[in-house]
Amino acid sequence: MTASEASSQSYTEVADLLPLQAELAAIRHHLHQHPELAFKEHGTAGYIAGKLREWGYAVTTGIAGTGLVATLQAGSGPRRLGLRADMDALPIQEATGLAYASANAGVMHACGHDGHSAMLLGAALWLARTRRFSGTLHLIFQPAEERGFDSGGKAMVDAGLFDRFPCDMVFAMHNHPGEPQGHFMVRSGPFMAAGDRVFVKIKGVGGHAARPHQTVDPLVAASAVVMALQTIVSRNVDPNDPAVVTVGRLRAGDALNVIPAEAEIGISVRSFSPAVRALLKERICTVIDATAKAYGATAQIDYVEGYPTVVNEPEATAFAAQVAAELVGEERVARDYPQLMGSEDFAYMLQVCSGALIRIGNGPASNGRGLHNPGYDFHDGNLAIGAALWCRLAERFLR
């Protein structure tokens with residue numbers, strides 16, 4: 001179906017959702033003001049489930065703890081569609097000064113999951129009113145996307161999500177600061193990186209700062225490890241294969257006149273291909289162990305494999321891009337957006353069900369408005385646009 005053919009039929013437009021803007025903003029602000037951390041989204045899940053039941057959905061709660069699925073059927077169509085939003089917040093102290101700022105100290109929706117849930121709720125409300133589709137719609141509200149490992153996406157899949165709620169395709173949407181608000185970005189194939197974490201303890205022999213010859217200084221060994229790690233991507237990975245090894249934590253000691261007995265290193269590892277992912281693990285462990293030994297210390301390495309690569313299925317990606325272009329215009333859709341080094345546990349769902357992750361521009365990322373920043377806030381202008389995309393996607397797929 002061409003864009004002109006689609007526009008001639010009765011599919012949702014952004015203008016249809018604009019009268020709901022105030023209601024959707026109120027929902028989003030409520031969620032923003034009451035953030036909850038991974039697997040603790042009891043209030044959030046209860047609030048969302050209450051709205052969905054009020055609108056006529058069959059709601060199943062308690063999936064992987066706080067996860068839930070809302071189901072709506074219309075007509076006799078055999079196709080089944082899944083739309084997913086995440087619910088959890090981050091352990092960040094909010095610094096926006098907004099009237100609806102977090103009421104929970106040290107917890108904040110700094111990644112826009114409040115907006116993701118509100119967009120999907122907006123679509124749920126409109127689709128329940130219009131029911132211009134024929135088939136089965138499953139709305140998946142997932143906990144614990146931010147954990148980095150043993151996350152809500154994996155837990156829901158392991159709990160039989162797609163056995164209990166079969167889907168022919170599943171889609172998710174994430175906001176993207178730095179791109180124009182209301183624009184859409186997709187990419188077929190590997191889109192977001194696999195993300196692993198490495199926790200390292202360098203153990204030496206502590207002692208007096210004035211007698212370093214009587215110690216094995218773990219801080220010096222750890223510093224050498226940090227520098228040695230910088231060579232792995234530049235000298236071991238094919239330049240055509242994206243990869244990142246970032247040391248985000250280096251801790252050792254408390255007093256200036258004491259050489260500590262132990263130092264800690266925390267590493268974030270990003271890659272796209274399984275071969276590069278395996279290579280990085282092997283090289284990181286070898287470099288850490290050998291460098292520590294060279295300084296007379298020992299290394300204890302805990303290598304935690306996190307989210308796999310988000311791999312968008314080509315047909316699903318093309319379909320999402322076409323629907324987005326119908327909705328907002330081709331000029332506002334990037335169909336081959338560059339790969340992103342961030343990670344997303346929607347990858348687990350894509351491993352067992354065809355689908356795609358979509359990005360929606362959130363406007364400027366400067367002045368503290370980037371993701372995971374205390375000054376970040378989701379753009380309310382995306383509520384009607386994102387909800388309209390979900391509605392049109394459902395209407396186009398379930399027919």
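Residues numbered from 1 in each chain as written. Predicted model: local features only at pLDDT ≥ 70, side-chain atom pairs only at ≥ 80, totals over all residues. Heavy atoms only, no water.

Just give me the short version of the overall build of the protein chain, but keep the residues and values in it.
A tally of helices and strands in the protein chain yields twelve helices and 16 strands. The globule rule puts the C-alpha radius of gyration for 399 residues at 21 Å, and the 23 Å found for the protein chain is close to it. In terms of overall dimensions, the protein chain has a C-alpha envelope of 80 × 45 × 40 Å along the principal axes. Looking at the protein chain residue by residue over its 399 residues, the buried ones come to 53%. Of all intrachain contacts in the protein chain linking residues separated by at least 6 positions in sequence, the fraction that spans at least 24 positions is 81%. Only carbon and sulfur atoms are counted for the fraction: they give 52% of the accessible area of the protein chain, which is about 15900 Å². Seen as two clouds, the 33 positive and the 40 negative side-chain charges of the protein chain have centres 2 Å apart. (Helix = DSSP H or I, 4+ residues; strand = E, 2+ residues; numbered from the N terminus. Rg over C-alpha atoms; globule rule 2.2 N^0.38 Å. Buried < 20%, exposed > 50% of the residue type's maximum accessible area, 1.4 Å probe, protein only. Contact = heavy atoms within 4.5 Å. Areas by Shrake-Rupley, 256 points an atom, 1.4 Å probe, with all protein chains shown as cover. Lys, Arg positive; Asp, Glu negative; His and termini not counted. Charge placed at Lys NZ, Arg CZ, Asp CG, Glu CD.)

Pulling in residues and values, what's your account of the pairing of strand β1 (residues 58-63)?
Direction of pairing for β1 relative to strand β2 (residues 67-74): antiparallel, over a ladder of four bridges. Opposite Thr60, over in β2, you have Val69 as the bridge partner. Connecting the antiparallel pair β1 and β2 is a turn made up of three residues, with Ala64 showing a positive phi of about 55°. (Pairing = 2+ DSSP bridges.)

Describe the sheet that holds β1, with residues and values.
Taken in spatial order, the eight strands of this open sheet run β1-β2-β4-β3-β5-β16-β6-β15, and their pairing is mixed. Here the strands that pair on one side only, and so sit at the sheet edges, are β1 and β15 (333-334). Two elements, strand β6 (residues 184-185) and strand β16 (residues 355-361), share two bridges in a ladder whose sense is antiparallel. Considered in β16, the bridge of Met185 is made with Arg359. On the sheet, helix α5 (residues 113-130) packs against β2, β3 (80-86), β4 (135-142), β5 (169-176) and β16 and is oriented at approximately 145° with respect to β3. (Axes fitted to C-alpha atoms, helices over the stretch in contact; angles between N-to-C directions.)

Mind laying out the UniProt feature "domain: Peptidase M20 dimerisation" (unreviewed entry) in the protein chain, listing which residues take part and the relevant values?
When the UniProt feature table is mapped onto this chain numbering, "domain: Peptidase M20 dimerisation" (unreviewed entry) sits at residues 200-292. Span residues 200-292 is 41% helix and 30% strand, its end C-alpha atoms 11 Å apart. (UniProt positions renumbered as here; feature names shortened; annotations may be inferred.)

Which residues make up the environment of Pro338, and what values do they have?
Looking at the element boundaries, Pro338 is found in the loop between β15 and α11 (346-350). Each C-alpha atom, one on Pro338 and one on Pro190, is 9.9 Å from the other, the two residues being 148 residues apart in sequence. Not counting the four nearest positions on each side in its chain, Pro338 is found in contact with Arg187 and Phe191.

Kindly report on the side chain of Glu344, identifying the contributing residues and their values.
Looking at where Glu344 falls in the secondary structure, it is placed in the loop between β15 and α11. Exposure remark for Glu344: the relative accessible area of 1% places this residue in the buried category. One polar contact links Glu344 to Arg84, side chain to side chain, over a distance of 3.1 Å. Side-chain polar atoms of Glu344 contact the backbone nitrogen of Phe346, separated by 2.9 Å. Every residue in contact with Glu344, bar those within four places of it in the chain, is listed here: Arg84, Asp86, Glu145, His174, Met192, Tyr307, Pro308, Val310 and Leu357. (Polar contact = N/O pair within 3.5 Å; in protein donor to acceptor, adjacent residues only side chain to side chain.)

Got a sec to walk through the sheet that holds strand β13 (residues 298-304)? Specific residues and values, please.
Through backbone hydrogen bonds, the strands of a sheet pair up, either in parallel or in antiparallel fashion. Pairing in this open sheet of four strands is antiparallel, and the strands run β10-β12-β8-β13 from one edge to the other. In this open sheet, the two strands that pair with only one neighbour each are β10 (243-252) and β13. Pairs of neighbouring strands in the sheet enclose a mean axial angle of 20°, with direction left out of account. Here strand β8 (residues 194-203) runs beside strand β12 (residues 262-271); their pairing, made up of ten bridges, is antiparallel.

Tell me about the packing of aromatic side chains, and name the residues and values.
What the rule picks out here adds up to three aromatic pairs. Looking at Arg79, its charged tip hangs above the ring of Phe397, at a distance of 3.8 Å from the centre. The cationic tip of Arg147 hangs over the ring face of Phe149; the distance from NZ or CZ to the ring centre is 4.9 Å. (Phe/Tyr/Trp six-rings, centres within 6.5 Å; stacked < 30°, edge-to-face > 60°. Lys NZ or Arg CZ within 6 Å of the ring centre and 35° of its normal.)

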